[in-house]
Amino acid sequence: MSTKILYRIALFVVLLLLQILVFNHIHLLGFATPLMVVYYLVLAPNDEDRSLLMLQCFLLGLAMDISTSTPGMAAAALTLSGLVAPRLLSLIATPDRPDDTFTPSAREMGWGSFMFYASVVTLVFVVSYYLIAWFTFSQMHSLLLNIAGSTLLTLMLIAVFERVHYRL
């Protein structure tokens, strides 16, 4: 196996365990819960086969759903995000190297482009996750607070993880 595949498997397992054991127990002000499994999708290489990426997202979401007793919410939201992310990355990637293969990171894309990409992918995931969970608009203010808080907290943690990864 190549080191790229081993790295992706290790990232899958580590993010899943961190989400289940740590991040699912954080509810900042009762609204913000970091959903760091989306970081796996954010770090997907631009040459990743789209079907394979969506399968990986589905499996990651399914594993999260099984461990947290949320029937299909994370699987559906991550699969939708996996559909959007490659197109978004191709739009954001610099035009001077359209055929190059790279893994999205602050080092490759620059902090501004990387955080914009991570923000949009995270927002798609968090909005779809909470809309599936809420399934009603009766308490719109709570829904919006959950989406905003979870998105911001997740993005702050992505920036921290990327800063640590950037230094390595």
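Rules of the game
Residues numbered from 1 in each chain as written. Predicted model: local features only at pLDDT ≥ 70, side-chain atom pairs only at ≥ 80, totals over all residues. Heavy atoms only, no water. Helix = DSSP H or I, 4+ residues; strand = E, 2+ residues; numbered from the N terminus. Buried < 20%, exposed > 50% of the residue type's maximum accessible area, 1.4 Å probe, protein only. Core = buried A, V, L, I, M, F, W, Y, C linked by side-chain atoms within 4.5 Å. Contact = heavy atoms within 4.5 Å. Expected span 1.5 Å × (residues − 1). Salt bridge = Lys/Arg side-chain N within 4 Å of Asp/Glu carboxyl O. Polar contact = N/O pair within 3.5 Å; in protein donor to acceptor, adjacent residues only side chain to side chain. pLDDT = per-residue confidence, 0-100. Phe/Tyr/Trp six-rings, centres within 6.5 Å; stacked < 30°, edge-to-face > 60°. Lys NZ or Arg CZ within 6 Å of the ring centre and 35° of its normal.

1. Notes on unusual backbone geometry
Phase 1: The phi angle at Leu 29 is positive, at roughly 60 degrees, despite the residue not being glycine.
Phase 2: Within the secondary structure, Leu 29 is located in the loop between α1 (3-21) and α2 (38-42).
Phase 3: The exposure class of Leu 29 is exposed, given its relative accessible area of 77%.
Phase 4: For Ser 69, which is not glycine, the phi torsion reads 55 degrees and is therefore positive.

2. Structural notes on the nonpolar core
Phase 1: Counting residues in each nonpolar core, the largest one holds 43 residues, and the members touching the most others are Tyr 39, Phe 114, Tyr 117, Val 121, Phe 125, Tyr 129 and Ile 158.
Phase 2: At the level of secondary structure, the elements contributing two or more residues to this core comprise α1, α2, α3 (50-68), α4 (73-92), α5 (106-109), α6 (111-134) and α7 (140-167).
Phase 3: No other element matches α6, which puts nine residues into this core.
Phase 4: Not counting residues within four places of it along the chain, the set of residues in contact with Phe 114 comprises Tyr 39, Val 42, Pro 104, Ser 105, Ala 106, Met 109, Ile 158 and Glu 162.

3. Some points on α3
Quick reminder: α-helices carry 3.6 residues per turn. Residues three or four places apart thus point the same way.
Phase 1: With 19 residues, α3 ought to run about 27 Å at 1.5 Å a step, and its terminal C-alpha atoms sit 27 Å apart, in line with that.
Phase 2: Those residues of α3 that are buried lie in contact with α1, α2, α4 and α6.
Phase 3: Just downstream of α3, Ser 69 is the residue with a positive phi angle, here 55 degrees.

4. Focus: the side chain of Thr 122
Phase 1: Relative to the helices and strands, Thr 122 resides in helix α6.
Phase 2: Filtering out sequence-adjacent residues up to four positions away, Thr 122 remains in contact with Val 38, Thr 151, Thr 154, Leu 155 and Ile 158.

5. Regarding the pattern of salt bridges
Pairing of side chains with opposite charge becomes possible as their charged atoms draw close.
Phase 1: Using the criterion set out here, one finds one salt bridge in the structure.
Phase 2: Here Asp 47 ties to Lys 4 by a salt bridge, and the two come within 3.4 Å at their closest N and O atoms. Separated by 43 residues along the polypeptide, Asp 47 in the loop between α2 and α3 and Lys 4 in helix α1 bring together distant segments of the chain.
Phase 3: Under the relative-accessibility criterion, Asp 47 is labelled partly exposed at 42%.

6. Section: the side chain of Gln 56
Phase 1: Residue placement: Gln 56 occurs in helix α3.
Phase 2: By relative accessible area, which is 15% here, Gln 56 ends up buried.
Phase 3: In this structure the side chain of Gln 56 is engaged in a polar contact, spanning 3.5 Å, whose partner is the side chain of Glu 48.
Phase 4: When neighbours within four sequence positions are excluded, Gln 56 is seen to be in contact with Arg 8, Phe 12, Tyr 40 and Glu 48.

7. Description of the confidence of the model for the chain
Should the pLDDT be low somewhere, the predicted coordinates at that spot are not to be read in detail.
Phase 1: Across the chain, pLDDT averages 90, with 95% of residues at or above 70.
Phase 2: For the chain, the element scoring lowest by mean pLDDT is α5, at 87; α2 scores highest, at 95.

8. Section: the environment of Asp 65
Phase 1: Of note, Asp 65 is situated in helix α3.
Phase 2: Spatially, the C-alpha atom of Asp 65 lies 20 Å from that of Leu 143, the residues being 78 residues apart in sequence.

9. Describing the packing of aromatic side chains
Phase 1: Across all of its chains, the model carries six aromatic pairs by this definition.
Phase 2: Ring centres of Phe 125 and Tyr 129 lie 5.8 Å apart, and the angle between their planes is 35 degrees; this geometry places the pair in the tilted category. Of this pair, Phe 125 and Tyr 129 both sit in helix α6, four residues apart, which is roughly one turn of that helix. With respect to class, Phe 125 is no different from Tyr 129; both count as buried.
Phase 3: Where Tyr 129 meets Tyr 130, the ring centres are 5.5 Å apart and the plane angle is 85 degrees; that geometry is what we call edge-to-face.
Phase 4: A connected cluster of aromatic rings, assembled from ring pairs, spans Phe 125, Tyr 129, Tyr 130 and Trp 134.
Phase 5: The lysine or arginine in question, Arg 8, covers the ring of Tyr 40, its NZ or CZ lying 3.9 Å from the ring centre.

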